[in-house]
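# A closer look at the structure
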Amino acid sequence: MANQRSESETGDGSGERGGAGVQAVETGLSVLDALLGSLHPMPLKAVALAAGMHPAKAHRYLASFVKCGYVEQDDAGRYSLGRNALRMGLACLAQLDPLRLVTPVLDDLCASTGETVLAAVWGNHGPTVVQWRDSLRPVTVNVRPGSVMPLLSSATGRVFTAFLDPAVTAPLIEAELKARAAQQPPRFPHDAAELAQLREQVRASGIGSVHGDLLAGVDSVSTPVFDRDGRIVLAITALGNAATFDGGVGGPVAAAIKAAAAELSQRLGHGLLAEPA
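Residues numbered from 1 in each chain as written. Predicted model: local features only at pLDDT ≥ 70, side-chain atom pairs only at ≥ 80, totals over all residues. Heavy atoms only, no water.

The protein chain appears in an unreviewed UniProt entry as IclR family transcriptional regulator from Cupriavidus gilardii.

### Observations regarding the overall build of the protein chain
Broken down by element type, the protein chain carries 10 helices and seven strands. Of all 277 residues assigned to the protein chain, the portion counted as buried reaches 39%. Contacts in the protein chain between residues at least 24 apart in sequence constitute 52% of all its contacts with a sequence separation of at least 6. Per element, the accessible surface of the protein chain, about 15,500 Å² overall, is 55% carbon and sulfur. (Helix = DSSP H or I, 4+ residues; strand = E, 2+ residues; numbered from the N terminus. Buried < 20%, exposed > 50% of the residue type's maximum accessible area, 1.4 Å probe, protein only. Contact = heavy atoms within 4.5 Å. Areas by Shrake-Rupley, 256 points an atom, 1.4 Å probe, with all protein chains shown as cover.)

### Topic: unusual backbone geometry
Residue proline 185 is bonded to the preceding glutamine 184 through a cis peptide linkage, with omega at -10°. Tracing the backbone shows proline 185 in the loop between helix H8 (166–182) and helix H9 (192–205). Cis geometry is found at the peptide bond from phenylalanine 188 to proline 189, where omega equals -10°. Inspection of the secondary structure puts proline 189 in the loop between H8 and H9.

### Quick word on helix H2 (residues 23–36)
The terminal C-alpha atoms of H2, which comprises 14 residues, lie 20 Å apart, in line with the 20 Å expected from a rise of 1.5 Å per residue. Here H2 has its buried residues at Thr27, Gly28, Val31, Leu32, Ala34 and Leu35. Looking down the long axis of H2, one finds its buried residues gathered within 150° of arc, a one-sided arrangement. Turned more than 90 degrees from where H2 packs its buried face, Gln23 and Leu36 sit exposed. Close packing links the buried residues of H2 with helix H3 (44–51), helix H4 (55–68), strand S1 (71–73) and strand S2 (79–81). (Expected span 1.5 Å × (residues − 1). Arc of directions from axis to C-beta.)

### Observations regarding the packing of aromatic side chains
Scanning all chains against the criterion turns up two aromatic pairs. When the centroid spacing of 5.9 Å and the interplanar angle of 45° are considered together, the rings of tryptophan 122 and phenylalanine 160 count as tilted. In this pair, tryptophan 122 is assigned in strand S3 (residues 116–123) and phenylalanine 160 in helix H7 (residues 155–163), connecting sequence segments 38 residues apart. On the accessibility criterion, tryptophan 122 (26% relative accessible area) is partly exposed. (Phe/Tyr/Trp six-rings, centres within 6.5 Å; stacked < 30°, edge-to-face > 60°.)

### Remarks on the sheet that holds strand S5 (residues 208–211)
Strand order in the open sheet formed by five strands is S4-S3-S7-S6-S5, with antiparallel pairing between adjacent strands. What marks the edges here is a single partner per strand, and that holds for strand S4 (126–133) and S5. Neighbour-to-neighbour, the strand axes of this sheet turn through a mean angle of 25°, independent of strand direction. Across the sheet, helix H10 (residues 252–267) lies against strand S6 (218–226) and strand S7 (232–241), angled at about 20° from S6, the strand it touches most. (Pairing = 2+ DSSP bridges. Axes fitted to C-alpha atoms, helices over the stretch in contact; angles between N-to-C directions.)

### Some words on H7
Since one α-helical turn is 3.6 residues long, residues separated by three or four positions face the same way. For H7, the tally of buried residues reaches eight of nine residues, placing the bulk of the element in the interior. Within H7 the residues assigned to the buried category are Ala155, Thr156, Gly157, Arg158, Val159, Phe160, Thr161 and Ala162.

### Notes on the environment of alanine 256
Relative to the helices and strands, alanine 256 resides in helix H10. Beyond its immediate stretch of four places on either side in the chain, alanine 256 contacts Leu109 and Thr113.

### Some points on a nonpolar patch on the surface
On the surface, Val22, Val25 and Leu29 cluster together to form a nonpolar patch covering roughly 230 Å² of accessible area. Position of valine 25 relative to the elements: it lies in helix H2. (Patch = residues over 30% accessible without salt bridge, like charges linked within 9 Å, V, L, I, M, F, W, Y side chains within 5 Å. Salt bridge = Lys/Arg side-chain N within 4 Å of Asp/Glu carboxyl O.)

See below:
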């Protein structure tokens, strides 16, 4: 019958993942994707080429997007994303919650690496554990959600030491350096020069690591998660018994948490404003 429509048009079955979708919408979004891939306004032919369609077809979609405020056209006839596209992007970023998004990440890391993992944020007293996942070979440590980690003797703390604004960490670091310098022999890092060396090492590798520094027989590796402004919002850490745990900064556990943190950072908007290759 003439008034009958398919499920993809009526919305029936729209709750199913990977449904049929609406081809016209998908085609139109390829035009927006073309504009997303450029930092500069694009002429019609360039948009059509990037979207893989005839210029006349691209022009029809662009005209609709201009009308709705998702695309703008300058005096030279070139196209760029409009104010409503900006509003949509900002609304998406505002809805992103690092603590919510890291939950499945920790679940996957614990399962894939077989190691205990945690997430920590910067709290009033320093790096604070907010989530914890025990592996099938749990580590005996007195650390759980709510625990505050030291800056210099924990992998988590070393990540915040390296990537957080030094003005924020300075008071805590000063106290820890005094305590470490008084030990015999002094523990690394114990002065300003060694602190600078530690920061450089962690920033270069993207990994903070300790080998029994906090607890004898327990090794750990940690890596940062960044937001859209390049600020550290989380640290993801894996730890285990030194006899079996691979705590190398280039090892498989470090690689796994770095990859997960990079993906989460991207979801939070980090690097989205970098110039396309």
